[in-house]
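Residue-level structural notes
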Amino acid sequence: MSCYESFTKKLEALRNIFPKRSEETSSAGQQRGSGGIPLTRKICYAIGGVPHQITSAAIGISLQIFLLDVVQMKASSVSLILFLSRAWDAVTDPLVGYLVSRSTWTPIGKLTPWLVISTPFGILSYVLLWFVPAHSMSEAACVLWFLTAACLFETLMSCYNVPYLSLNMFLGGHRRDRDSATAYRMSLEMMALLLMSVIQGKVVSVYNTEKQEACEHLDQIHQTPHSSSVPQTASLHETQKAFLTSAGITGGLFLLSSLVLFFGVREQRHESVRQDAHCPDERTRLSYLSSLKMLVCHVPYQRLVLGFVFSVLAFQMSLGNFALFCSHAAGLGTHFQVLLLVLLMSASVAVPLWQFVLLKIGKKRTVFIGLSLFIPAVITVACVPSSLPVFMTMCILMGFSVATMFLLPWSMLPDVIDDFTLRHPSFKDLGPLFFSGYAFCNKLAGGLSVGLSTMILQIIGYKAGACNHGDEVVTALIVLFSPVPVTLLVIGMGIFYTYPVNEREGLQLEQQNNKASSSSADQREHSELPTSSQPSHVEDPKCDPSPYWSQGD
């Protein structure tokens, strides 16, 4: 027995300490045809999405400010770190997805070992990302330190997040059940974002207070009306401690969420997995490049990914500069935490609302309605940036639109996988690659938006640690917050118009496949009875390729 097998068996023994009566009851119900996903499993699955969301939120909200003003690196160096780390993260996602799809089943499942092993190392690398090295280090050494820490964390986070996203297809149930589980996940992730916004808001308030005191002290010594940089001797020690404490709290939430996911969710084997065990020759395994080619050539996947790539670029371009826009363009830096909380609270309320709407009018129409709300909101804020009531009202509208970006991509992606499985029934293990491919494009778009924003600010004349900035920087922040995102969002909505998958037709196909699978199961039971007249060359009905999302038949 290998060390890996022994390790997974010990983990399964540890998990079996907890009662699993509800899981056994639900599994038996699925075998009888009920096909539902228990509420406890949905909630535990949703909690498993918290680690990726809180770490991504912390990095998106604070890392740029942390590197620019706390570590006091050049804007060009920060742009390099942010872009290369996001690009590296994007490249590792498809590789991890392919490796996950090639994984074999263990006593704790196919995806769970990835989650268990990546958790402790991911927590450690995240804490290192917020650790400030010695101030005697050169600029190049600092770049190397933070770039290495960022790339290491993003790699380990891919090893956690890609299997977690793919776990949606292993929860059991049918398409509506998976959509419901996705809605639970989005609601929990929005609550996690609210919590993280409070934590990061406290950190940013510490930064603003200490920065203001340093600038006032500087103004007393040097009466300079224009931009001036805080000396290196005025290090933001309290802000450094606040960022590191925040990283420790985030790491604790990471560990707790992973434990809930491990003990609360047991992977459900698909019908296709049971078929493959009997008929391994009927299952086609592709190389990495061939698998990517299959994904790229699938038209619904093309349209879905491209549409959301432009939408992610728009949202990241606007919200990625939200803190800088509030501080330097709107003059509302002291209200940043309140504005962020309003935005996230409205997004949390909107997630179940959008879930209700998409069940009534369909996912494609819901995407158009939700994304279109973002356009008037950012235009209004750009026109009257200094009005707190207007800004707060538009944050509510922006939050409703952000909720669309949280819910719809992950709700529509399983439909695309189902469509692919119907068209190519012999390729049964590409689900993780679909999720990782979308994550790749999503993170690449985020990296491009952050990198381009920081580089534009560098060209315009943004100075790290400056107490005041010129009109050019303010104008650049307004353009990055409104006109550019609106243009990108319109392009994305145009691509969504050509998205071909109709989920209502998919539900009809699913019902047909459920009936076909039931008929196949009856044939299997009949064929397993010993008969002397059965010819030896009859094809085993277990090899009948049916979609791997047909459950509980």
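It should be emphasised that the depicted structure is a prediction, and the values quoted were computed from it without experimental measurement. (Residues numbered from 1 in each chain as written. Predicted model: local features only at pLDDT ≥ 70, side-chain atom pairs only at ≥ 80, totals over all residues. Heavy atoms only, no water.)

One pass over the structure, following the stated rule, counts 21 aromatic pairs. On the basis of an interplanar angle of 5° and a centroid distance of 5.5 Å, the ring pair of Trp130 and Phe243 is categorised as stacked. Of the two residues, Trp130 is situated in the loop between helix 6 (112-129) and helix 7 (139-166) and Phe243 in helix 9 (residues 237-264); the sequence distance between them amounts to 113 residues. Aromatic side chains Phe131 and Trp145 sit 6.2 Å apart centroid to centroid with 55° between the ring planes, which places their arrangement in the tilted category. With Phe131 in the loop between helix 6 and helix 7 and Trp145 in helix 7, this residue pair connects regions lying 14 residues apart in the sequence. Here the aromatic residues Phe66, Tyr126, Trp130, Phe146, Phe153 and Phe243 are joined through ring pairs into a cluster of three or more. In this structure, Lys364 packs its charged tip against the face of Tyr497, placed 5.7 Å from the ring centre. (Phe/Tyr/Trp six-rings, centres within 6.5 Å; stacked < 30°, edge-to-face > 60°. Helix = DSSP H or I, 4+ residues; strand = E, 2+ residues; numbered from the N terminus. Lys NZ or Arg CZ within 6 Å of the ring centre and 35° of its normal.)

This paragraph deals with the packing of helix 14 (residues 336-361) against helix 15 (residues 363-372). Interaxial distance between helix 14 and helix 15 falls to 7 Å at its minimum, and their mutual angle equals 130°. Of the possible angle classes, the one that applies to helix 14 and helix 15 is oblique. The handedness of the crossing between helix 14 and helix 15 comes out as right-handed. Of helix 15, the residues touching helix 14 (which contributes Trp354, Val357, Leu358 and Ile361) are Lys363, Arg365, Thr366, Ile369 and Gly370. Its residues assigned to classes, the contact of helix 14 with helix 15 shows five nonpolar, two polar and two charged. (Axes fitted to C-alpha atoms, helices over the stretch in contact; angles between N-to-C directions. Parallel < 35°, antiparallel > 145°, perpendicular 65-115°, else oblique. Left-handed = near helix turned anticlockwise from the far one by under 90°. Contact = heavy atoms within 4.5 Å. Nonpolar A, V, L, I, M, F, W, Y, C, P; charged D, E, K, R; others polar.)

Take a nonpolar patch on the surface next. Judged by side-chain polarity, Leu80, Phe83, Leu84, Leu448, Leu452, Ile456 and Ile460 come together as a nonpolar surface patch covering roughly 520 Å² of accessible area. The set of elements that each furnish at least two residues to the nonpolar patch consists of helix 5 (75-101) and helix 18 (431-460). With four residues, the single largest contributor to the nonpolar patch is helix 18. Among the secondary structure elements, Leu448 is positioned in helix 18. (Patch = residues over 30% accessible without salt bridge, like charges linked within 9 Å, V, L, I, M, F, W, Y side chains within 5 Å. Areas by Shrake-Rupley, 256 points an atom, 1.4 Å probe, with all protein chains shown as cover. Salt bridge = Lys/Arg side-chain N within 4 Å of Asp/Glu carboxyl O.)

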